[in-house]
Amino acid sequence: MKLIIAIIQPFRLEDVKKALYEADVNLITVSEVLGHGRQKGVDEFYRGAKETGNLLRKVRLEIAVNENFVEPTIKAIIKGARTGKIGDGKIFVVDLPRCIRIRTGDEGSQAIG
Amino acid sequence: MDMINSGDTAWVLVSSALVMLMTPGLAFFYGGMVRRKNILGILMQCFIILCVLSLQWVLFGYSLAFGPGNPFIGGLQWAGLHGVGLEPNPDYAATIPHQAFMIFQAMFAIITPALIIGAFAERMKFSSFIVFTILWATFVYDPVCHMVWAVGGWIRNMGALDFAGGTVVHINAGIAALITALVIGKRTGYQNKPMAIHNLPFVVLGAALLWFGWFGFNAGSALAANGLAVNAFVVTHIATAAAGLSWALLEWKFSGKPTTFGVVTGAVAGLVAITPAAGFVDVIGAIFIGLLVSVFCYFAIGIIKPKFGYDDSLDAFGVHCVGGMWGALATGIFATKVVNSAGADGLLLGNPKQFLIQLMAVGVTLVYTAVVTFIIYKVVDAIMGIRVNQEDEVMGLDLTQHHERAYTVLE
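Remember, it's a predicted structure, so these values are computed and weren't measured experimentally.

Some remarks on the overall build of chain A
Piece 1. From N to C terminus, chain A includes three helices and six strands.
Piece 2. Sequence-ordered secondary structure for chain A, helices as α and strands as β, is β-α-β-β-β-β-α-β-α.
Piece 3. Over its C-alpha atoms chain A spans a radius of gyration of 17 Å, topping by over 25% the 13 Å that the globule rule assigns to 113 residues.
Piece 4. Seen along its three principal axes, the alpha-carbon backbone of chain A occupies a region of about 60 × 30 × 20 Å.
Piece 5. Across the 113 residues that make up chain A, the buried fraction comes to 18%.
Piece 6. For chain A, contacts bridging at least 24 residues in sequence account for 70% of all contacts bridging at least 6.

Structural data, given as structure tokens:
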């Protein structure tokens, strides 16, 4: 099992969701985060005072999947999120040792879908 | 100065302040509806209009609108308020200083272009917006105002009734909204349904401020503290109440639940519709005007807009033009000389001619404003580009046009 974490542009969320549904990946957690990578931040001015490098709004996705869904999920995220410009985001794939469904107590690949 | 009535003057000054508050009220009404990356953009557009058009008005706008001229536009005799002093001008208001009338009208000239913002929200460049607004005020608002309200204006002479600006303000801004929405194109990602409204409480707050300010707009248009002002005050209130309720009932029936967004939209539609009629109809007429305006606007926003697929983002056309047209025509239906002997009887009292005159005034405004708005848009677009580039649109107007943001996520 893997946990796929993706940081994407907020305005690509709808496209990513659509691509994921098409790949039959339907379980997803979404949160709003702040951050910046090579894109840097943006300058803001308040009564003439400049504040540089402010963090940008991003969306973070968390998707836990069985091995056979790892590549389709990654492909779907890229399909939905990619604009080709700096700031498109990143995908992290990490091992997931356990997964438990709270309602039933099911464990592992049974619980994940 | 002995002709000046202190009660009338006080009421018109207070009304001017009430109408002034409508523009920031509109800013919150609209600002709550946009995505949160664009709220400052909306607030800023409304606020800068207050600054820029106030100056335009005293420098030459008032003269073009109300100054002596031909049937279509005023001359420049009153530019810089030359000759517009503290004595009354009996052509417009015999009991208040001329400048009181001027500043009351200034607030109308300010809010009218602000209404159009709803059509092109979230995607217009700030610099181009300012230029577009000044040109629109000069070549659309001022002439239409002259034709309908000024002495010698040809729509006025035709006998059209427009008490507080149904034609001059709402149909005018509303049709300009449709034209700009069509030529600027849809927002990126728009799919014929509303995009996330980021702060509904702001929308309700804005609507409440509009309702409050509208007493100045309509009752102030009597230009005196008299019975006519009271009639306008009462029918304004009642039509608004009826329209808000009517919208809630429509939603209850057709989409299951009444919404706060719906009831405040209905109330604003009611305010729009009663505007031209406020000095000519009684309270029963006002109830019909209010109940029905929600039906027309609900239909325009819920069915016509998605069907045709234009992105009138905050429904400036759907509320102001549709509601304004109903109000102008309803004036021709429900008007009665019992309320205002200087007015006319409408269709229901056996005077179909008034209805036709109203129809004609609406038609002329629609055509004139649509054509000139289109030309102004194209000129500004050719010179400096009107729409922000896609990257800026995606990041939002707050950060890209003003280098500020309204809300923080952390801290």
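Observations concerning the overall build of chain B
Piece 1. Each helix and strand counted, chain B has 14 helices and zero strands in total.
Piece 2. Starting at the N terminus and ending at the C terminus, chain B contains elements arranged as α-α-α-α-α-α-α-α-α-α-α-α-α-α.
Piece 3. Taking 2.2 N^0.38 as the reference for a compact globule, 411 residues should give roughly 22 Å; the C-alpha atoms of chain B span a radius of gyration of 20 Å, in line with that estimate.
Piece 4. Seen along its three principal axes, the alpha-carbon backbone of chain B occupies a region of about 60 × 50 × 40 Å.
Piece 5. For chain B, buried positions account for 56% of its 411 residues.
Piece 6. Within chain B, contacts between residues separated by at least 24 positions form 75% of all contacts whose residues are at least 6 apart in sequence.

A word on the interface of chain B and chain A
Size of an interface, as often reported, equals the accessible area lost when the parts are brought together.
Piece 1. Taken together, the contact pairs eight residues of chain B with nine residues of chain A.
Piece 2. Among the residues forming the side of chain B that touches chain A, the class breakdown is four nonpolar, two polar and two charged.

Here we look at the sheet that holds strand β6 (residues 89-95) of chain A
All names here are of chain A.
Piece 1. Reading across from one edge, β2-β5-β1-β6 is the order of the four strands in this open sheet, with antiparallel pairing throughout. One side of each edge strand has no neighbouring strand; the edge strands of this open sheet are β2 (29-35) and β6. When the angles between neighbouring strand axes are averaged without regard to direction, this sheet yields 20 degrees.
Piece 2. Judged from the seven bridges that link them, β2 and strand β5 (residues 56-65) form a sheet pairing that is antiparallel. Bridging across to β5, Glu-32 finds its partner in Val-59.
Piece 3. Strands β1 (2-8), β5 and β6 of the sheet are contacted by helix α2 (residues 70-81), whose axis makes an angle of about 5 degrees with β1.

Regarding the packing of helix α1 (residues 6-33) of chain B against helix α3 (residues 98-120) of chain B
Axes are the key here: two packed helices are described by the angle between their axes and the distance separating the axes.
Residue and element names in this part refer to chain B.
Piece 1. Interaxial distance between α1 and α3 falls to 9 Å at its minimum, and their mutual angle equals 15 degrees. Here α3 runs roughly parallel to α1, going by the angle between their axes. With respect to the hand of their crossing, α1 and α3 are arranged in left-handed fashion. Of the residues in α3, those in contact with Thr-9, Val-12, Leu-13, Ser-15, Ser-16, Val-19, Met-20, Met-22, Thr-23, Leu-26 and Tyr-30 of α1 are Ala-100, Ile-103, Phe-104, Met-107, Phe-108, Ile-110, Ile-111, Ala-114, Leu-115, Ile-117 and Gly-118.
Piece 2. Among the residues forming the contact of α1 with α3, the class breakdown is 17 nonpolar, five polar and no charged.

As for the confidence of the model for chain B
Interpretation of this model should avoid reading the predicted coordinates in detail wherever pLDDT is low.
Piece 1. When pLDDT is averaged across chain B, the result is 95; 99% of the residues are at 70 or more.
Piece 2. In the model output, the complex is listed with pTM 0.91 alongside ipTM 0.72.

Some words on the environment of Gly-279 of chain B
Residue and element names in this part refer to chain B.
Piece 1. Note on placement: Gly-279 falls in the loop between α9 (260-274) and α10 (283-308).
Piece 2. Residues Gly-279 and Val-235, spaced 44 residues apart in sequence, show a C-alpha to C-alpha distance of 8.6 Å.
Piece 3. Discounting chain neighbours no more than four positions away, the residues touching Gly-279 are Phe-163, Ser-221, Ala-222, Leu-228, Asn-231, Ala-232, Asn-340 and Gly-343.

Section: the nonpolar core
Piece 1. Counting residues in hydrophobic clusters, the biggest one holds 141 residues, and the most contacted among them are Leu-26, Tyr-30, Ala-177, Leu-210, Ala-273 and Ile-289 of chain B.
Piece 2. If you tally residues by element for this core, the top one is α3 of chain B, at 17 residues.
Piece 3. Counting 14 residues, the second-largest nonpolar core is a separate cluster that includes Ile-4, Leu-61, Ala-76 and Ile-112 of chain A.

Description of helix α1 (residues 13-22) of chain A
Residue and element names in this part refer to chain A.
Piece 1. Of all the positions in α1, only Val-16, Ala-19 and Leu-20 are classed as buried. The arc that holds the buried residues of α1, viewed along the axis, is 100 degrees, so those residues lie on one side. Exposed residues lying more than 90 degrees from the buried face of α1 are Glu-14, Tyr-21 and Glu-22.
Piece 2. Buried positions along α1 lie against β1 and α2.
Piece 3. Following α1 by one or two positions, Asp-24 has its phi on the positive side, about 65 degrees.

Brief notes about the pairing of β5 of chain A
Piece 1. When β1 of chain A meets β5 of chain A, the two strands line up antiparallel, connected through seven bridges. When the bridges of β5 of chain A are listed, Ile-5 of chain A appears paired with Glu-62 of chain A.

A few points about the packing of helix α6 (residues 166-184) of chain B against helix α11 (residues 316-334) of chain B
All names here are of chain B.
Piece 1. Running from N to C, α6 and α11 point in directions that differ by 145 degrees, and their axes come no closer than 8 Å. The interaxial crossing formed by α6 with α11 has left-handed handedness. Between α6 and α11, the residues in contact are Gly-166, Thr-167, His-170, Ile-171, Ala-173, Gly-174, Ile-175, Ala-177, Leu-178 and Ala-181 and Ala-316, Phe-317, His-320, Cys-321, Gly-323, Gly-324, Met-325, Gly-327 and Ala-328, respectively.
Piece 2. A breakdown of the residues in the contact of α6 with α11 according to their chemical character gives eleven nonpolar, eight polar and no charged.

A word on unusual backbone geometry
Residue and element names in this part refer to chain B.
Piece 1. Its identity is not glycine, yet Leu-81 carries a phi of approximately 60 degrees, on the positive side.
Piece 2. Mapped onto the fold, Leu-81 is located in the loop between α2 (39-66) and α3.
Piece 3. At His-403, a residue that is not glycine, the phi angle is positive and equals roughly 55 degrees.
Piece 4. Relative to the elements of secondary structure, His-403 occurs in the segment after α14 (397-402).
Piece 5. C-beta crowding within 10 Å serves as the criterion here: with 16 such atoms nearby, His-403 is assigned to the partly exposed category.

A look at the environment of Leu-348 of chain B
Residues and elements named next belong to chain B.
Piece 1. Looking at the secondary structure, you find Leu-348 in the loop between α11 and α12 (352-384).
Piece 2. Along the backbone, Leu-348 and Tyr-298 are 50 residues apart, and their C-alpha atoms lie at a distance of 25 Å.
Piece 3. Ignoring anything within four residues of it in the chain, the contact list for Leu-348 reads Ile-333 and Phe-334.

Conventions adopted
- Residues numbered from 1 in each chain as written.
- Chains lettered and ligands numbered in written order.
- Predicted model: local features only at pLDDT ≥ 70, side-chain atom pairs only at ≥ 80, totals over all residues.
- Helix = DSSP H or I, 4+ residues; strand = E, 2+ residues; numbered from the N terminus.
- Rg over C-alpha atoms; globule rule 2.2 N^0.38 Å.
- Buried ≥ 20, exposed ≤ 12 C-beta atoms within 10 Å, placed from the backbone.
- Contact = placed C-beta atoms within 7 Å.
- Nonpolar A, V, L, I, M, F, W, Y, C, P; charged D, E, K, R; others polar.
- Pairing = 2+ DSSP bridges.
- Axes fitted to C-alpha atoms, helices over the stretch in contact; angles between N-to-C directions.
- Parallel < 35°, antiparallel > 145°, perpendicular 65-115°, else oblique.
- Left-handed = near helix turned anticlockwise from the far one by under 90°.
- pLDDT = per-residue confidence, 0-100.
- Core = buried A, V, L, I, M, F, W, Y, C linked by C-beta atoms within 7 Å.
- Arc of directions from axis to C-beta.

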